[in-house]
Amino acid sequence: MSSSSGRCVVVGGGLVGLATAAALSRQRPDVRVTVIDKEPQLAQHQSGRNSGVIHSGVYYTPGSAKATNCRQGRALLLDFAADHGIDMDLCGKVIVATEDSERGPLAEIERRGKANGVAARSIDLAELAELEPHVRGVAALHVPDAGIIDYPAVARTLADAITQAGGTILTDTAVERGEERGDVVRLTTTAGDLEADAVVTCAGLQSDLVARAFGVTDLPLQIVPFRGEYYQLTEDAEQLCRTLIYPVPDPRFPFLGVHLTRHISGRVLAGPNAVLGLAREGYRWRDVDPATLKRLAASPGLRRLASEHWRTGLGEMWRSLNRGAFVKALQKMTPDITTTDLAPYPAGVRAQALYADGSLADDFVFHETARTLHVLNAPSPAATSCLSIGERLGAAVVERLG
Ligand SMILES: Cc1cc2nc3c(=O)[nH]c(=O)nc-3n(C[C@H](O)[C@H](O)[C@H](O)COP(=O)(O)OP(=O)(O)OC[C@H]3O[C@@H](n4cnc5c(N)ncnc54)[C@H](O)[C@@H]3O)c2cc1C
């Protein structure tokens, strides 16, 4: 291969971009790989501000990209953590129905789990009490395949692998524009221009805007930021949760409902809720970005979503503004929890794709042109899935480079 046929730029230094660059460096050591991120440090957005859960794959439609990549990514992640001494704990989780009406959806989750090859099993209330003594419910599923991991350490280890393989990581560098001209992609960045033979964009909360900046103007979707707010339990209250305690999610939304999760640091997190964000990287209520606001106001998809689900949206906002309402949601599963058990904890923001018909994308979404691959929708479980997504995108780049 000539030197000009082996340059790949990966836009975005979150877990998906780093995993893609690391996989490509391994699959084709002769390709010059450059990762570009606009922030001074890597993994500053979704990849560094999530629940830290290794998802099992129990929820996802069998055969979907989420189901396949979650199962494969989980297996790769466990090996990766073992090989590199990254903290993780396969502690398992329980999904708890608190009302009879949730028995059907819980049974559907068990069915999906089985179809996806997940070890998920209905347990009786005595077994639930043994696993999680402070939880109350009418039915429960135990998922021993779920766990927790230190995702920032995964990102650091991937970054080391990229540089050790001869790759370059440019932080503090935002990509402003990309243009495919024949066999070459020209990138305009805040730190100067670059050329590449293939580009992969993994820009998370900016993914639709970055794709547009590369000339993809006919996207059927837009990214909507959903802030996920957390509390951490005070030390005295931590005994209320031993592992991971989840409600039965509302099947109409791709979010899992407010849950209790033991973090790899040992703390217990409560959350995240899902509140419409008014800034793509706005981690507080007061963060409002006029451009985001304008796009949301003009979005037919958001109008449709809001008209159908305004009640749920208002409920999420109410729980965000009112700690008592947040606690009430948790008390359905864990009645002993009180408002004084909750201490502040930093929020995260999910990048969730919304279609013009008002539906939220339920699966990972990719878009490709001759020389560029765009990751457009990679919300949860993309942290769990990152090594699998990276392998696939790396292979797709190899195919393009010939
Ligand atoms: C609250 C919350 C909880 C979650 N919990 C879990 C969980 O427990 N388990 C799980 O598997 N998943 C979880 N997820 C999902 C998971 O964190 C994400 O799916 C995953 O981190 C996505 O990685 P990414 O690399 O695509 O995006 P990001 O981590 O957001 O990375 C995108 C990167 O692109 C960079 N970028 C953007 N625009 C540009 C530009 N123009 N130029 C250069 N760089 C740019 C950004 O700076 C950023 O670093 C959670 C997400 C959230 C928000």
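Please read these numbers as outputs of a predicted model, since none were measured by experiment. Along each chain, residues carry numbers from 1 onward, in the same order as the chain's sequence is written. For a predicted model such as this one, the threshold for reporting local features is a pLDDT of at least 70, and the threshold for listing and counting side-chain atom pairs is 80 or more; totals across whole chains, interfaces and linings nevertheless cover every residue. By convention in this description, side-chain values take in all heavy atoms of the structure and omit both hydrogens and water.

### With respect to the packing of aromatic side chains
What counts here: Here the aromatic set is Phe, Tyr and Trp, taking the six-membered ring for Trp, and pairing holds for ring centres within 6.5 Å; pairs whose planes are under 30 degrees apart are stacked, those over 60 apart are edge-to-face, and all others are tilted. Over a ring means this: the NZ of a Lys or the CZ of an Arg is within 6 Å of the ring centre and within 35 degrees of the ring normal.
Tallying each qualifying case throughout the model produces four aromatic pairs. Here the basic side chain of Lys93 rests over the ring of Tyr246, its NZ or CZ set 3.5 Å away from the ring centre.

### Observations regarding the domain arrangement of the protein chain
This is how the line gets drawn: Residue ranges for the domains originate in an automatic or database domain assignment. Contact criterion: two residues are considered in contact whenever any of their non-hydrogen atoms come within 4.5 Å of each other. For any pair of parts, buried area is found by adding up, for both, the accessible area (1.4 Å probe) each one loses once the two are put together. Here a salt bridge means any side-chain nitrogen of Lys or Arg lying within 4 Å of a carboxyl oxygen belonging to Asp or Glu.
Along its sequence, the protein chain is carved into domain 1 (3-47 + 152-220 + 363-401), domain 2 (93-144) and domain 3 (223-355). Centre-to-centre, using C-alpha coordinates, domain 2 lies 22 Å away from domain 3. Each partner contributes residues to the interface: domain 2 has 18 residues there, and domain 3 has 16 residues. For the pair domain 2 and domain 3, the summed buried area comes to about 1400 Å², and 55% of that belongs to carbon and sulfur atoms. Counting the surface domain 2 buries against domain 3, the share from its top three residues, Lys93, Glu132 and His134, is 42%. Where domain 2 meets domain 3, there are one salt bridge. In this structure, Lys332 and Glu99 form a salt bridge, with 3.1 Å as the shortest nitrogen-oxygen distance.

### A look at the pairing of strand S19 (residues 342-355)
Filter applied, for reference: Whether a residue is buried, partly exposed or exposed follows from its accessible area with a 1.4 Å probe, protein chains only, as a fraction of its type maximum: under 20%, in between, or over 50%, in that order. Only DSSP runs of H or I with at least four residues qualify as helices, and only runs of E with at least two residues qualify as strands; both kinds are numbered from the N terminus onward. We treat two strands as partners when DSSP finds at least two bridges between them.
The buried count for S19 comes to ten of 14 residues, which makes it a mostly enclosed element. One ladder, built from twelve bridges, connects strand S14 (residues 221-233) with S19; its direction is antiparallel. The partner of Pro225 across the bridge, within S19, is Ala351.

### Quick word on the pairing of strand S11 (residues 184-189)
Two faces, one strand: in a regular strand the side chains alternate between the faces of the sheet. Here strand S10 (residues 175-181) pairs with S11 via six bridges, running antiparallel. Following the sheet pairing, Gly178 is matched in S11 by Leu187. As consecutive antiparallel partners, S10 and S11 are separated by two residues, and within that stretch Gly182 has a phi angle of approximately 65 degrees, a positive value. Where S11 lies against strand S12 (residues 192-196), five bridges are found, and the strand directions are antiparallel. Paired with Val185 across the bridge in S12 is Ala196. Between S11 and S12, which follow one another and run antiparallel, lie two residues.

### A word on the sheet that holds strand S8 (residues 147-149)
Judged by pairing direction, the sheet is antiparallel, and its three strands sit side by side in the order S3-S8-S4 without closing on themselves. The sheet terminates laterally at strand S3 (53-54) and strand S4 (88-89), the two strands that pair on one side only.

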